[in-house]
Number of protein chains: 2
Amino acid sequence: MEKKYMTLALKEATKAYERDEVPIGAVIVKDGQILAKAHNQKETKQNVAEHAEMIAIRKASKKIKNWRLSDCEIYITLEPCPMCASAIHQARISKVYYGCTIGEKNNSEIIEKIFSTTNRNQKVTHVENLNLDECHQIIQQFFKDKRK
Amino acid sequence: MEKKYMTLALKEATKAYERDEVPIGAVIVKDGQILAKAHNQKETKQNVAEHAEMIAIRKASKKIKNWRLSDCEIYITLEPCPMCASAIHQARISKVYYGCTIGEKNNSEIIEKIFSTTNRNQKVTHVENLNLDECHQIIQQFFKDKRK
């Protein structure tokens, strides 16, 4: 785990915040090289699948011309939803670091099940909630603004 | 449930088969109008997210310029993976009909959990495995060919 990649993911989340999108950012790294950076664009693109993680996976796969993102790490500012967790798993990304959760117990249980499924060479070897203040803050501030 | 939409989904699956993709097709319908048809293009596009369901959701959302596919039905030739199930759920598609399963118990358990999560207006009200011979056949034939 290298903090600098989460800092970059947070920078991506800030871009989403500025565009009135739920502020989530993702960065995919392989052997110290950044393959992709992305932020949530669900509202902008009007498509549920345009989460930061999905865009980052698409960009990284395009970059290396392969859907297999083996030995890659993904840094996400928030715990992934099941869609993104399953895409990460299917892409064979090996390590997942996320900045915080927003306390959705059901989500945590589902993604734990997804990540621990071991068929078809899908190996997520490490999943870690880094529980970072900055990641909590940006998402909490966004929803606080929305409630106003 | 109308059989004709599954027939169209099967036609999509056949297109995938012909392109050496795992043969899965999907059709999204709203009030008797077809919003989108799609087939799996994971290998062609080299992206794990290019499943038939994800492409159909993207196309349908583009067509109605809205990520909310409320009151839509999706017809899929095979039980969805967790990525697609979660996208269906987040898009608020209300009814899911699939043609068969390939017996992945873990998958069935995970998607049941996803579909039954009720937060944020996500309401999948009906999920049904139609258990159709044609849907079984095309997927079994594909993997039989691959083993040769």
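Residues numbered from 1 in each chain as written. Chains lettered and ligands numbered in written order. Predicted model: local features only at pLDDT ≥ 70, side-chain atom pairs only at ≥ 80, totals over all residues. Heavy atoms only, no water.

Some thoughts on the interface of chain A and chain B
Counted only if it meets this: The criterion used for residue contact is that any of the two residues' heavy atoms lie within 4.5 Å. What gets called buried area is simply the loss in accessible area from a 1.4 Å probe that two parts show on being joined, summed for both. The working definition used for a salt bridge is a side-chain nitrogen of Lys or Arg within 4 Å of a carboxyl oxygen of Asp or Glu. Any pair of nitrogen or oxygen atoms within 3.5 Å is treated as a polar contact; in protein, a donor-acceptor pairing is required on top of that, and neighbouring residues in sequence qualify only through side-chain atoms on both sides. Put simply, DSSP H or I for four residues or longer makes a helix, DSSP E for two residues or longer makes a strand, and each gets a number counted from the N terminus. Here the term charged refers only to Asp, Glu, Lys and Arg, the term nonpolar to Ala, Val, Leu, Ile, Met, Phe, Trp, Tyr, Cys and Pro, and the term polar to all other amino acids, Gly among them.
Every contact between the two is made by 31 residues of chain A and, on the other side, 31 residues of chain B. Of the roughly 2500 Å² buried where chain A meets chain B, counting both sides, 56% is carbon and sulfur surface. On the chain A side of the interface with chain B, the three residues burying the most area are Gln46, Val48 and Trp67 of chain A, jointly 25% of the side's total. Run the count over chain A and chain B and you get two salt bridges. Between Lys113 of chain B and Glu109 of chain A there is a salt bridge whose closest N-O contact spans 3.5 Å. Seen at the junction of chain A and chain B, the total is eleven residue pairs in polar contact (both at pLDDT 80 or more). Every element with two or more residues in the side of chain A that touches chain B is listed here: helix H2 (42-45), helix H3 (52-64), helix H4 (82-90) and helix H5 (105-115) of chain A. Looking at the side of chain A that touches chain B, its residues break down into twelve nonpolar, ten polar and nine charged.

Brief notes about the sheet that holds strand S3 (residues 72-76) of chain A
All names here are of chain A. For clarity, the cut-off: The pairing criterion is simple: DSSP has to find at least two bridges between the two strands. For helices, the fitted axis covers only the stretch in contact; all axes are lines through C-alpha atoms, and the angles between them, taken along N-to-C directions, range from 0 to 180 degrees.
Read across the sheet, five strands follow the order S2-S1-S3-S4-S5 without closing on themselves; strand pairing throughout is mixed. Taken across any chain shown, the strands that pair with only one partner, and hence form the sheet edges, are strand S2 (33-39) and strand S5 (126-129). On average, each strand axis in the sheet is inclined to that of its neighbour by 15°, with strand direction left out of account. Bridge count between S3 and strand S4 (residues 95-98): four bridges; the pairing is parallel. Bridging from a neighbouring strand, Tyr75 pairs with Tyr97 of S4. Of the strands in this sheet, strand S1 (25-30), S2 and S3 touch H3, which is tilted by about 145° from S2.

Some words on the confidence of the model for chain A
Condition: Every residue gets a pLDDT, meaning the predictor's confidence in that residue, from 0 to 100.
For chain A, per-residue confidence averages 95 on the pLDDT scale, and 97% of positions sit at 70 or higher. The ipTM value of the predicted complex is 0.96, and its pTM value is 0.96.

Some points on empty space enclosed by the protein
We apply this condition: Only protein atoms enter the calculation, which uses a 1 Å grid: trapped sets of points that fit a 1.4 Å probe without letting it out are cavities, open sets showing protein on both sides within 12 Å along at least five of seven lines are pockets, and any residue with an atom within 4 Å of a point is a lining residue. Grid points are joined across faces, edges and corners, and a volume is the space filled by probe spheres set on the points.
Counted under the stated rule, the structure contains one cavity of 30 Å³ or more. Approximately 90 Å³ is the volume attributed to the largest cavity. The wall of the largest cavity is formed by Asn47, Ala49, Glu50, Met54 and Arg58 of chain A together with Asn47, Ala49, Glu50, Met54 and Arg58 of chain B. Only H3 of chain A together with helix H3 (52-64) of chain B provide two or more residues apiece to the lining of the largest cavity. Partitioning the lining of the largest cavity into residue classes produces four nonpolar, two polar and four charged.

Quick look at helix H4 (residues 82-90) of chain B
Keep this limit in mind: Only protein chains enter the accessibility calculation, which uses a 1.4 Å probe. A residue is then buried if its area is under 20% of the maximum for its type, exposed if over 50%, and partly exposed in between.
Most of H4 of chain B sits out of view: nine of its nine residues are buried. Every buried residue belonging to H4 of chain B is among Pro82, Met83, Cys84, Ala85, Ser86, Ala87, Ile88, His89 and Gln90 of chain B, and all of these are buried.

Points about the sheet that holds strand S5 (residues 126-129) of chain B
All names here are of chain B. Overall, mixed pairing links the five strands, which are arranged S2-S1-S3-S4-S5 in an open sheet. Because the sheet does not close on itself, it has two edges, and the strands there are strand S2 (33-39) and S5. The sheet shows a mean angle of 15° between the axes of neighbouring strands, taken without regard to direction. Each of strand S1 (25-30), S2, strand S3 (72-76) and strand S4 (95-98) touches helix H1 (residues 3-18); the most contacted strand, S1, lies at about 145° to it.

Considerations on the environment of Leu10 of chain A
Residue and element names in this part refer to chain A. With respect to the element layout, Leu10 can be found in helix H1 (residues 3-18). Note: C-alpha distance between Leu10 and His39 (29 residues apart in sequence) is 9.1 Å. Once you skip the residues sitting within four places of it in the chain, Leu10 turns out to touch Thr77, Glu134, Cys135 and Ile138.

So, the packing of H4 of chain B against helix H5 (residues 105-115) of chain B
Residue and element names in this part refer to chain B. For the record, the criterion: Throughout this description, any angle smaller than 35 degrees is read as roughly parallel, any larger than 145 degrees as roughly antiparallel, any in the 65 to 115 degree range as roughly perpendicular, and the remainder as oblique. Crossing handedness is read from the near helix: turned anticlockwise from the far helix by less than a right angle, it gives a left-handed crossing, and turned clockwise, a right-handed one.
Relative orientation of the contacting elements H4 and H5 amounts to 15°, with a least axis distance of 9 Å. By the angle between their axes, H4 is roughly parallel relative to H5. Crossing of H4 over H5 shows right-handed handedness. When H4 is examined against H5, the residues Pro82, Ala85, Ser86, Ile88 and His89 are found in contact with a partner set consisting of Asn107, Ile110, Ile111, Ile114 and Phe115. Residue composition of the contact of H4 with H5, by class: seven nonpolar, three polar and no charged.

Details of the relation of the copies chain A and chain B
The line we're drawing: The superposition of copies rests on a least-squares fit of C-alpha positions from residues with pLDDT of 70 or more in both.
Least-squares fitting of chain A to chain B yields an RMSD of 0.0 Å, with the superposition described by an axial translation of 0.0 Å and a rotation of 180°. The superposition operator between the copies reduces to a two-fold rotation axis. Relative to the rotation axis, the C-alpha of Met83 of chain A is the closest in chain A, positioned 1.9 Å from it. Same-surface contact between copies: 100% of interface residues of chain A are shared with the interface of chain B.

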